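Residue-level structure breakdown
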Amino acid sequence: MTDTGFPRLTAGVPGCGGAFKLTPEDFEVEELPAYLPSGEGTHLYLWVEKRGRDTREVVRALASALGVREDDIGSAGMKDRQAVTRQWLSVPANAEARVPEFALDGVRALEVKRHGNKLRTGHLKGNRFTLRLRGVKDLGAARESFSRLSAQGVPNYFGEQRFGRAGDNADLGRMLLLGQRLPKRPDRFQRKLYLSAFQSRLFNQALAARLEAGTFATALLGDVLRKEETGGLFVCEAPDVDGPRVAAFEVSPAGPMFGPKMTASKGEVAEAEARLLTDAGVTLSDFQRGGDETEGTRRPYRVRLGAPDLTVDGEDALLTFELPRGAYATEVLHELLKDG
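Residues numbered from 1 in each chain as written. Predicted model: local features only at pLDDT ≥ 70, side-chain atom pairs only at ≥ 80, totals over all residues. Heavy atoms only, no water.

Identification of the protein as tRNA pseudouridine synthase D from Corallococcus macrosporus is taken from an unreviewed UniProt entry. Under Function (unreviewed entry), UniProt gives the following word-for-word description of the protein: "Responsible for synthesis of pseudouridine from uracil-13 in transfer RNAs." Looking at the Sequence similarities (unreviewed entry) heading of the UniProt record, one finds this comment for the protein: "Belongs to the pseudouridine synthase TruD family." (UniProt positions renumbered as here; feature names shortened; annotations may be inferred.)

**Here's the deal with the packing of helix α4 (residues 188-213) against helix α6 (residues 267-280)**
The contact between α4 and α6 brings their axes to 10 Å, and the two run at 125°. With respect to α6, the element α4 is oriented oblique. Here α4 and α6 pass one another in a crossing that is right-handed. Between α4 and α6, the contacting residues are Phe198, Leu202, Gln205 and Ala206 on the first element and Leu276, Leu277 and Ala280 on the second. For the contact of α4 with α6, a count of residues per class yields 6 nonpolar, 1 polar and no charged. (Axes fitted to C-alpha atoms, helices over the stretch in contact; angles between N-to-C directions. Helix = DSSP H or I, 4+ residues; strand = E, 2+ residues; numbered from the N terminus. Parallel < 35°, antiparallel > 145°, perpendicular 65-115°, else oblique. Left-handed = near helix turned anticlockwise from the far one by under 90°. Contact = heavy atoms within 4.5 Å. Nonpolar A, V, L, I, M, F, W, Y, C, P; charged D, E, K, R; others polar.)

**Observations regarding the nonpolar core**
Core analysis: the largest hydrophobic core is formed by 59 residues, its most contacted members being Phe321 and Leu323. Secondary-structure elements contributing two or more residues to this core are β2 (27-33), β7 (124-134), α2 (139-152), α3 (169-177), α4, α6, β15 (316-324) and α7 (329-337). Among the elements that take part in this core, α4 stands out by supplying 10 residues, more than any other. The residues contacting phenylalanine 321, other than those within four sequence positions of it, are Asn127, Arg128, Phe129, Leu131, Phe146, Leu305, Gly306, Ala307, Pro308, Ala329 and Val332. (Core = buried A, V, L, I, M, F, W, Y, C linked by side-chain atoms within 4.5 Å. Buried < 20%, exposed > 50% of the residue type's maximum accessible area, 1.4 Å probe, protein only.)

**Focus: the UniProt feature "active site" (unreviewed entry) in the protein**
UniProt annotation of "active site" (unreviewed entry) refers to Asp80 when read in the numbering used here. Positionally, aspartate 80 belongs in the loop between β4 (74-75) and β5 (84-92). Apart from the residues within four sequence positions on either side, aspartate 80 is in contact with Lys21, Phe27, Lys50, Arg53, Asp54, Thr85 and Gln161.

**Some words on the packing of aromatic side chains**
Tallied over the full model, the rule gives 12 aromatic pairs. With centroids separated by 6.1 Å and ring planes inclined at 20°, the aromatic side chains of phenylalanine 198 and phenylalanine 287 adopt a geometry described as stacked. Highlighted residues: phenylalanine 198 in helix α4 and phenylalanine 287 in the loop between α6 and β12 (297-300), separated in sequence by 89 residues. A residue is classified by how much of its surface remains accessible, and phenylalanine 198, at 0% relative accessible area, is buried. An aromatic cluster is built from Phe20, Phe27, Phe129, Phe146 and Phe321, whose rings are joined through pairwise contacts. The cationic tip of arginine 56 hangs over the ring face of phenylalanine 189; the distance from NZ or CZ to the ring centre is 3.9 Å. The ring of phenylalanine 203 is capped by arginine 299, whose NZ or CZ atom sits 5.5 Å from the centre of that ring. (Phe/Tyr/Trp six-rings, centres within 6.5 Å; stacked < 30°, edge-to-face > 60°. Lys NZ or Arg CZ within 6 Å of the ring centre and 35° of its normal.)

Structural data, given as structure tokens:
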């Protein structure tokens, strides 16, 4: 099942039609940092704007210009190439004198400030998106789908970019977990990418099943539920008690990112998750082969659409909203367009 073939929360609403990403300016992303640099410390934070460049490409060029290793450069998350994005990157402060030498087409540093620690993956609250859909055919359908997502949450699928341009990242991750030889030996970044993609594919399958069953936002006996405020996890033992909390968006059902440290579900929920592994030809113990990369966790089946707004500009729809870290704006578009 491909990303475009997944069941959608707004399946009963027609696709609105329109074109997307005709220019990088059609997709703007601004990181919402977990904290701002303090002005003092052994690391230097750069608030970087890039156009038509992905994060890894910028990191590689920055490392070369500053004479540091790529591993010395920190980022909170990866940002799209075909977009205008703004995010923080951190470099060792002893390279500060060489920062003015950094030059890359489509990239500029808007702010430079010191801080006490290196920026790590996940050091962000989320992202703010501004998306332009050009030539929308049915603005009423666009408004209806966007309204439902605002009220009920966005299905938290991993987007197709998670699985690589050839779409084979998950298959390569499965091969790694089974101890099979890959066509080409991966570097550390690729290994992490492949393993995560396989976990992500299984999560997407679990989420698709919940949407098909109509239990996307339902507390089932044995579910692992995630607290919205703290991220804390607990197993649902009383659906009549937890159901209203799900309806109020206080907690959400959380699906499997398989690994030995993943919080276990119970009962029929656990049986359904076990069938995913059986169908994929792997066991839970296979994830131990992935080491730190596949320890396992839980990911909410839905995420709240923050500060949502839809305005009309001629024949275009301009969408602005916020999503928590790890959520994909393209999933909002799939809900509106219905055509992949």
